[in-house]
Each structure stands twice: as structure tokens, then as C-alpha cells.
Amino acid sequence: MLNIALCDDEPVTLSLLQQQLQLLLQQQNLEFQIHTYSSGIAMIRHFSRHPFDVVFLDIAMPRLSGFQAAEIQQSRC
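Everything quoted here is computed from the prediction, not taken from an experiment. (Residues numbered from 1 in each chain as written. Predicted model: local features only at pLDDT ≥ 70, side-chain atom pairs only at ≥ 80, totals over all residues. Heavy atoms only, no water.)

**Student:** What is the right way to look at the side chain of H35 in this model?
**Tutor:** Tracing the sequence through the fold places H35 in strand β2 (residues 32-37). Look at H35 and you get buried, because its relative accessible area is 16%. Engagement of the side chain of H35 in a polar contact is seen with the side chain of N3, the distance being 2.8 Å. What H35 contacts, discounting residues up to four positions off in sequence, is N3, I4, A5, L6, H46 and F52. (Helix = DSSP H or I, 4+ residues; strand = E, 2+ residues; numbered from the N terminus. Buried < 20%, exposed > 50% of the residue type's maximum accessible area, 1.4 Å probe, protein only. Polar contact = N/O pair within 3.5 Å; in protein donor to acceptor, adjacent residues only side chain to side chain. Contact = heavy atoms within 4.5 Å.)

So, in C-alpha cells, the structure goes:
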């Protein structure tokens, strides 16, 4: 099963990305679980308990950019 994280501070973008990704993965008959986050901080907190196989990050987010979240996440691997 793929464990996927989507992180974007814009709710509409996050929802659209989730819908499109679900459709694509269902068409491929893949097992997956998608976790959505509106901040990099929330995503990193969850990642420390349950690592992700795939992460989609918005680059420009308040407090913690997508680049910063990726660096923190990678250092915990």
C-alpha cells in the first residue's frame, strides 16, 4: 500500500490534487492511503510516526516552506 502525503496551504488546491490523485491511483488498481495537510508542520508531526512513500509539497507556505519541510523530513529518514 502506498502511503501518500499532500501538503498545501490552499484548501481548493489540496482538494483538487487529492481528487485527481485518487482517480489516477484507482484506475491503476493500486492500494493507497492519502493524508492531507494544510501546513508543513502538521505533515512533519505525522511523518515522525508514520513515514510516507510519496510526498507532494507546496513550495510557498507560511512559517515552513515546502523546501524546509522536505529537508526536515529527509533528515529523519
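Still more ground to cover, so stick around.
**Student:** Can you walk me through helix α2 (residues 40-47) in this structure?
**Tutor:** Here α2 has its buried residues at G40, M43, I44, H46 and F47. One side of α2 carries all its buried residues, which in axial view fall inside an arc of 160°. Considering only its buried residues, α2 is in contact with β1 (2-7), β2, β3 (54-57) and α3 (66-75). (Arc of directions from axis to C-beta.)

**Student:** How should I be thinking about the side chain of H46 in this particular structure?
**Tutor:** In this structure, H46 sits in helix α2. If we skip the residues at most four places from it in the chain, H46 touches H35, Y37 and F52.

**Student:** In this structure, what is going on with the sheet that holds β2? I would like to understand it.
**Tutor:** Sheets are built from strands that pair by backbone hydrogen bonding, the pairs being arranged parallel or antiparallel. Strand order in the open sheet formed by three strands is β2-β1-β3, with parallel pairing between adjacent strands. Single-partner strands in this sheet number two, and they are β2 and β3. Strand-to-strand, the axes of this sheet are offset by a mean angle of 15°, without reference to chain direction. Two strands pair when backbone bridges link them, and β1 and β2 are joined in this way by six bridges, in the parallel orientation. (Pairing = 2+ DSSP bridges. Axes fitted to C-alpha atoms, helices over the stretch in contact; angles between N-to-C directions.)

**Student:** Explanation requested: α3 in the structure shown.
**Tutor:** Working note: α-helix, 3.6 residues per turn, so residues spaced by three or four point in the same direction. Every buried residue of α3 is accounted for by G66, A69 and Q73. Projected onto a plane normal to the axis of α3, the buried residues spread over an arc of 60° and lie on a single side. Exposed side of α3, more than 90 degrees from the buried face: F67, E71, Q74 and S75 are the residues found there. Those residues of α3 hidden inside the fold are in contact with α2 and β3.

**Student:** Looking at this structure, I do not really get the packing of α2 against α3. What am I missing?
**Tutor:** Each packed pair of helices is defined by two parameters, the angle between the axes and the distance between the axes. One can describe the packing of α2 onto α3 by two numbers: an axis separation of 10 Å at closest approach and a directional angle of 10°. The angle between α2 and α3 falls in the class roughly parallel. For the pair α2 and α3, contact is made by G40, M43, I44 and F47 and by A69, I72 and Q73, respectively. Per-class residue counts for the contact of α2 with α3 are five nonpolar, two polar and no charged. (Parallel < 35°, antiparallel > 145°, perpendicular 65-115°, else oblique. Nonpolar A, V, L, I, M, F, W, Y, C, P; charged D, E, K, R; others polar.)

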